[in-house]
Amino acid sequence: MLTQKQHELLQFINGRIMATGVSPSFDEMKEALNLRSKSGIHRLITALEERGFLRRLPNRARALEVIRLPDQASTAKRQAPKFAPSVVTPNFAGRGRGAAAKGRPSLPGSITNDLPVLGRIAAGTPIEAIQHEVDRIGAPQAFLRSGEHYVLEVQGESMIDAGIFDGDLAIIQRADDATNGDIVVALVDREEATLKRLRKKGASIALEAANPSFETRIYGADRVSIQGRLVGLMRKY
């Protein structure tokens with residue numbers, strides 16, 4: 001699922017390429033979406049890349065390729081991860097608030113805790129996606145640590161080498177700090193949330209993808225706030 005701005009940008013780029021054979025400039029994209037700065041366009045393009053809608057062509061100026069449009073979305077074949085975390089693989093009977101109790105996964109004989117599902121998480125997802133409860137789900141007590149927890153549905157392929165796939169349910173321990181190497185929910189510029197591995201480098205913070213196709217993003221420490229740490233995954237096959 002794309003945000004409105006992501007969808008608008010993708011359609012604008014696709015229309016321009018279809019009409020002229022050349023992708024639009026950043027200034028043209030900024031003007032078309034009525035954004036104040038090019039940094040907003042950079043964030044949208046990165047989000048569309050991570051979701052598999054766009055590709056930047058190397059060694060060519062203004063070179064963007066539209067891989068697919070939203071109504072052409074198909075799930076990419078998953079590669080075997082270099083490292084696979086422990087996961088629960090329940091059968092879901094349904095999704096949505098009305099089906100939450102019926103579809104809630106559990107392990108035979110295990111103690112489960114009822115956690116809020118707060119939406120989807122990926123680079124470029126707006127903060128609104130992790131502010132409102134959209135469902136509730138039972139998570140094994142063994143996965144939880146101290147304090148409060150919530151669940152996010154992973155969207156995108158940027159963490160597949162850490163064993164985190166599109167559609168996984170990430171169990172997040174609420175926290176406002178983390179150590180190097182932790183996989184965290186990070187909020188960038190108070191407007192976009194992403195699930196990435198945290199690397200602190202002096203006065204900078206690097207949000208590291210676990211997929212060689214995606215670049216590590218580096219920010220000033222004042223631009224990033226930690227929203228929680230990954231403590232477990234649940235997966236549907």
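Residues numbered from 1 in each chain as written. Predicted model: local features only at pLDDT ≥ 70, side-chain atom pairs only at ≥ 80, totals over all residues. Heavy atoms only, no water.

Q: Would you mind showing me how to read the packing of aromatic side chains here?
A: How two aromatic rings sit relative to each other is given by the distance of their centres and the angle of their planes. Scanning the entire structure with this criterion turns up 0 aromatic pairs. Positioned above the aromatic ring of F53 is the side chain of R68, whose terminal nitrogen or guanidinium carbon lies 4.2 Å from the ring centre. (Phe/Tyr/Trp six-rings, centres within 6.5 Å; stacked < 30°, edge-to-face > 60°. Lys NZ or Arg CZ within 6 Å of the ring centre and 35° of its normal.)

Q: In this structure, what is going on with the pattern of salt bridges? I would like to understand it.
A: If the charged atoms of two oppositely charged side chains come close together, the side chains can form a pair. Taken as a whole, this structure holds 15 salt bridges when the rule is applied. With a shortest N-O distance of 3.1 Å, R16 and E28 are connected by a salt bridge. One end of the pair, R16, is in helix α1 (residues 4–20); the other, E28, is in helix α2 (residues 26–32), with 12 residues separating them in the sequence. With a relative accessible area of 25%, R16 lands in the partly exposed category. With a relative accessible area of 30%, E28 lands in the partly exposed category. R235 is paired through a salt bridge with D168; the nearest N and O atoms lie 2.8 Å apart. Here R235, found in the segment after β13 (224–234), pairs with D168, found in the loop between β7 (149–154) and β8 (169–174); they are 67 residues apart in sequence, far enough to count as distant. Summarising the burial analysis for this pair, R235 and D168 share the class buried. (Salt bridge = Lys/Arg side-chain N within 4 Å of Asp/Glu carboxyl O. Helix = DSSP H or I, 4+ residues; strand = E, 2+ residues; numbered from the N terminus. Buried < 20%, exposed > 50% of the residue type's maximum accessible area, 1.4 Å probe, protein only.)

Q: Where do I start with the nonpolar core in this structure?
A: For soluble globular proteins, the rule of thumb is that nonpolar side chains tend to be buried together. I164, I172 and L195 are the most contacted members of the largest nonpolar core, which totals 18 residues. Among the secondary structure elements, those contributing two or more residues to this core are β4 (112–121), β7, β8, β9 (183–188), β10 (192–201) and β13. If you look at the next biggest cluster of nonpolar residues, it comprises 15 residues, including M29, I45, L48 and L54. (Core = buried A, V, L, I, M, F, W, Y, C linked by side-chain atoms within 4.5 Å.)

Purely geometric numbers; function is a separate question.
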